[in-house]
Amino acid sequence: MIYTPPIRTTIAALVLACIASSIVVGLLHEPRNPLIAWTSLAVGAIAVLVVLAAKRNPKRDAVLFLACGFSSGVFMGASTVGFPGSLPTWLWMIGTLCIGTLAIIVDAESSQSKSVNRL
């Protein structure tokens with residue numbers, strides 16, 4: 001299965017590295033709207049840390065990864081970073097949205113394979 005705990009942990013660690021890189025880039029370039037930029041970055045970091053700290057649950061993981069991906073878009077919109085500097089944020093967004101989509105697919109497949117008593 002493509003959504004195994006080692007893959008989930010590896011992608012979450014890579015996303016945290018991208019978030020750390022985005023912090024450095026954000027500190028070098030003053031964000032256009034600092035409160036929104038740093039709040040969205042904190043939301044993304046907390047969501048990924050919760051995924052890493054908790055047991056594997058595809059439904060919860062999907063919500064947290066997608067929230068993290070959307071927070072990267074908010075961070076990108078609130079910052080003034082151009083393309084070379086925004087590369088970690090793009091990787092952050094792509095990684096979290098892809099793994100969140102995989103978690104949704106895994107949850108849907110596991111829901112379909114469970115038998116339901118309809119009596």
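Everything in this summary refers to the structure shown in the same document.

Scoring rules and cut-offs
Residues numbered from 1 in each chain as written. Predicted model: local features only at pLDDT ≥ 70, side-chain atom pairs only at ≥ 80, totals over all residues. Heavy atoms only, no water. Helix = DSSP H or I, 4+ residues; strand = E, 2+ residues; numbered from the N terminus. Buried < 20%, exposed > 50% of the residue type's maximum accessible area, 1.4 Å probe, protein only. Contact = heavy atoms within 4.5 Å. Areas by Shrake-Rupley, 256 points an atom, 1.4 Å probe, with all protein chains shown as cover. Lys, Arg positive; Asp, Glu negative; His and termini not counted. Charge placed at Lys NZ, Arg CZ, Asp CG, Glu CD. Patch = residues over 30% accessible without salt bridge, like charges linked within 9 Å, V, L, I, M, F, W, Y side chains within 5 Å. Salt bridge = Lys/Arg side-chain N within 4 Å of Asp/Glu carboxyl O. Phe/Tyr/Trp six-rings, centres within 6.5 Å; stacked < 30°, edge-to-face > 60°. Disulfide = S-S within 2.5 Å. Polar contact = N/O pair within 3.5 Å; in protein donor to acceptor, adjacent residues only side chain to side chain.

Brief notes about the overall build of the chain
Each helix and strand counted, the chain has 4 helices and 0 strands in total. For the chain, the N- to C-terminal ordering of α and β elements is α-α-α-α. Projected onto its principal axes, the C-alpha coordinates of the chain cover approximately 60 × 25 × 25 Å. For the chain, the proportion of its 119 residues judged to be buried stands at 37%. When contacts within the chain are restricted to residue pairs at least 6 apart in sequence, those whose partners lie at least 24 apart make up 77%. Per element, the accessible surface of the chain, about 6900 Å² overall, is 72% carbon and sulfur. Taken together, the 8 basic and 4 acidic charged side chains of the chain have centroids lying 8 Å from each other.

Digging into a nonpolar patch on the surface
Nonpolar side chains collect at one region of the surface, where Phe83, Leu87, Trp90, Leu91 and Ile94 lie side by side and expose about 520 Å² of accessible area between them. Turning to its location among the elements, Phe83 is positioned in helix H4 (residues 83–113).

Here we look at the packing of aromatic side chains
Using the criterion set out here, one finds 2 aromatic pairs in the structure. Between Phe75 and Trp92 the ring centres are 5.9 Å apart and the planes differ by 40 degrees, which places this aromatic pair in the tilted class. Of this pair, Phe75 sits in helix H3 (residues 58–78) while Trp92 is found in helix H4, placing the two residues 17 residues apart along the sequence. Summarising the burial analysis for this pair, Phe75 and Trp92 share the class buried. Put simply, the rings of Trp38, Phe75 and Trp92 pair up and form one aromatic cluster.

Re the state of the cysteines
Counted by the stated rule, this structure contains 0 disulfides. Left unpaired, Cys18 is separated from the closest cysteine sulfur, that of Cys68, by 9.8 Å. For Cys18, a relative accessible area of 13% translates into the label buried. Just so you know, Cys98 is unpaired, no disulfide at all, and the nearest cysteine sulfur is the one on Cys18, 12 Å from it. Cys98 gets classed as partly exposed once you look at its relative accessible area, which sits at 45%.

Concerning the pattern of salt bridges
Under the defined criterion, the tally for this structure stands at 1 salt bridge. Notably, a salt bridge pairs Asp61 with Arg60, separated by 3.5 Å at the nearest N-O pair.

Observations regarding the side chain of Ser40
Along the polypeptide, Ser40 turns up in helix H2 (residues 34–53). A polar contact is formed between the side chain of Ser40 and the backbone nitrogen of Phe75, at a distance of 3.4 Å. Those residues in contact with Ser40 that lie beyond four places of it in its chain are Ser71, Val74 and Phe75.

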